[in-house]
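Below are the chains, spelled out letter by letter.
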Amino acid sequence: MERIKVFSTTYINQLGQRLQSKETVAGYVEGRAPNFSSSDTKDTVIEVDTFPILTVANGDYENARLLFEMLKGIDRTLASDQRLWAWLAHVPFMKYMGERWPVGEQPGDKRSGYILGHWFVKTQASTSYMRHGIAMLWWGAFTTYSPERDDPFELTREFFSMQDYTRTIFGSLGRSDKFSRALLEYVVENPDLFSAHKEARIRFLMRRLNYAGGYKIIPNLSMPDIKKLIDHYKDAVGDINS
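Residues numbered from 1 in each chain as written. Predicted model: local features only at pLDDT ≥ 70, side-chain atom pairs only at ≥ 80, totals over all residues. Heavy atoms only, no water.

J.: Can you explain the overall build of the protein chain? Please cite residues and give values.
T.: Per the secondary structure count, the protein chain includes 15 helices and two strands. Taking 18 Å as the expected radius of gyration for a compact globule of 242 residues, we find that the protein chain reaches 19 Å, a close match to that expectation. Taking the principal axes of its C-alpha atoms as reference, the protein chain extends roughly 55 × 40 × 35 Å. Burial statistics for the protein chain: of 242 residues in total, 49% are counted as buried. Carbon and sulfur atoms make up 48% of the accessible area of the protein chain, which totals about 12,000 Å². In the protein chain, 31 side chains carry a positive charge and 30 a negative one; their mean positions are 6 Å apart. (Helix = DSSP H or I, 4+ residues; strand = E, 2+ residues; numbered from the N terminus. Rg over C-alpha atoms; globule rule 2.2 N^0.38 Å. Buried < 20%, exposed > 50% of the residue type's maximum accessible area, 1.4 Å probe, protein only. Areas by Shrake-Rupley, 256 points an atom, 1.4 Å probe, with all protein chains shown as cover. Lys, Arg positive; Asp, Glu negative; His and termini not counted. Charge placed at Lys NZ, Arg CZ, Asp CG, Glu CD.)

Set out below in structure tokens:
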């Protein structure tokens, strides 16, 4: 059994300061995690049989499924702990992180910020979790996993089919699991509508829904009612061709 750990807040703060050092950044370029001691980590109550092997070749969907199945035992409170994602990114999944988010491909003056964005959850905003290389996988699967469906990961597969989902769906509306699932269900149930110009149509739809959210509390609606609201824009979405 493997024990899930978190970094201490003190260590994360110190590491953030060390990212100003070219030597520390060079370690990330080479795929090496910064040094830390046992006193820099704390145990959680969660144990797993083994850590899955995440690879770029798997694709985000398969990696998300593997990670979610391993970490089914964590709840929203632990999953909102910035220290957890920092530890996962730097310890069991450092090799994957280096391949999926290669620091060496970034301009020299952008590397520290790139590391902070993908190896650390900087704020409690949902978009910060969606930038993090490991948190994005778990939260994407957690939000979309639907055990009542024939394929519980059908919406997860749709979510990771397009990078724009991670950018657009997890705004103010995307904090609601119900809204996220309703939107993804609508897309899955209307393949012809999204068979062309999908990214542009999703962006347009999200703009309209965010506008509607200014005068209607959309997450308070039932999923059928959310889908009815989305369907209200069906003709306008179909007119988007670029």
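J.: Just give me the short version of the layout of surface pockets, but keep the residues and values in it.
T.: Size it by volume and the largest pocket reaches roughly 280 Å³. What lines the largest pocket is a set of 14 residues, among which Met 130, Met 136, Gln 163, Thr 166 and Arg 167 lie closest to the centre. If you list the elements that add at least two residues to the lining of the largest pocket, you get helix H8 (126–131) and helix H11 (163–168). Partitioning the lining of the largest pocket into residue classes produces six nonpolar, four polar and four charged. (1 Å grid on protein atoms, 1.4 Å probe; cavity = no way out; pocket = protein on both sides within 12 Å on 5 of 7 lines; lining within 4 Å. Points joined across faces, edges and corners; volume = space filled by probe spheres on them. Nonpolar A, V, L, I, M, F, W, Y, C, P; charged D, E, K, R; others polar.)

J.: If you had to explain the nonpolar core to someone new, which residues and values would you point to?
T.: Judged by nonpolar contacts, the single largest core of 78 residues is most densely connected at Trp 85, Trp 119 and Ile 134. Looking at this core, the element that brings in the most residues is helix H13 (residues 198–212), giving seven residues. (Core = buried A, V, L, I, M, F, W, Y, C linked by side-chain atoms within 4.5 Å.)

J.: Please give an account of the packing of aromatic side chains that cites residues and values.
T.: Summed over all chains, the structure comprises 18 aromatic pairs. Look at Phe 51 and Trp 87: their rings are 6.1 Å apart centre to centre, the planes differ by 55°, and that puts the pair in the tilted class. Linking Phe 51 in the loop between strand S2 (41–48) and helix H3 (60–70) with Trp 87 in helix H5 (residues 82–90), this pair joins segments that are 36 residues apart in sequence. Take Phe 51: its relative accessible area is 17%, and that puts it in the buried class. When its relative accessible area of 4% is taken as the criterion, Trp 87 is described as buried. Relative to Trp 139, the ring of Tyr 129 has its centre 6.0 Å away and its plane inclined at 65°; by these criteria the two rings are edge-to-face. With a gap of ten residues between them, Tyr 129 in helix H8 and Trp 139 in helix H9 (residues 135–144) connect regions that are remote in the sequence. A connected cluster of aromatic rings, assembled from ring pairs, spans Phe 68, Trp 85, Tyr 129, Trp 138, Trp 139, Phe 142, Tyr 145 and Phe 153. If you follow Arg 100 out to its NZ or CZ, it ends over the ring of Trp 101, 4.2 Å from the centre. (Phe/Tyr/Trp six-rings, centres within 6.5 Å; stacked < 30°, edge-to-face > 60°. Lys NZ or Arg CZ within 6 Å of the ring centre and 35° of its normal.)

All we've got here are geometric facts, nothing functional implied.
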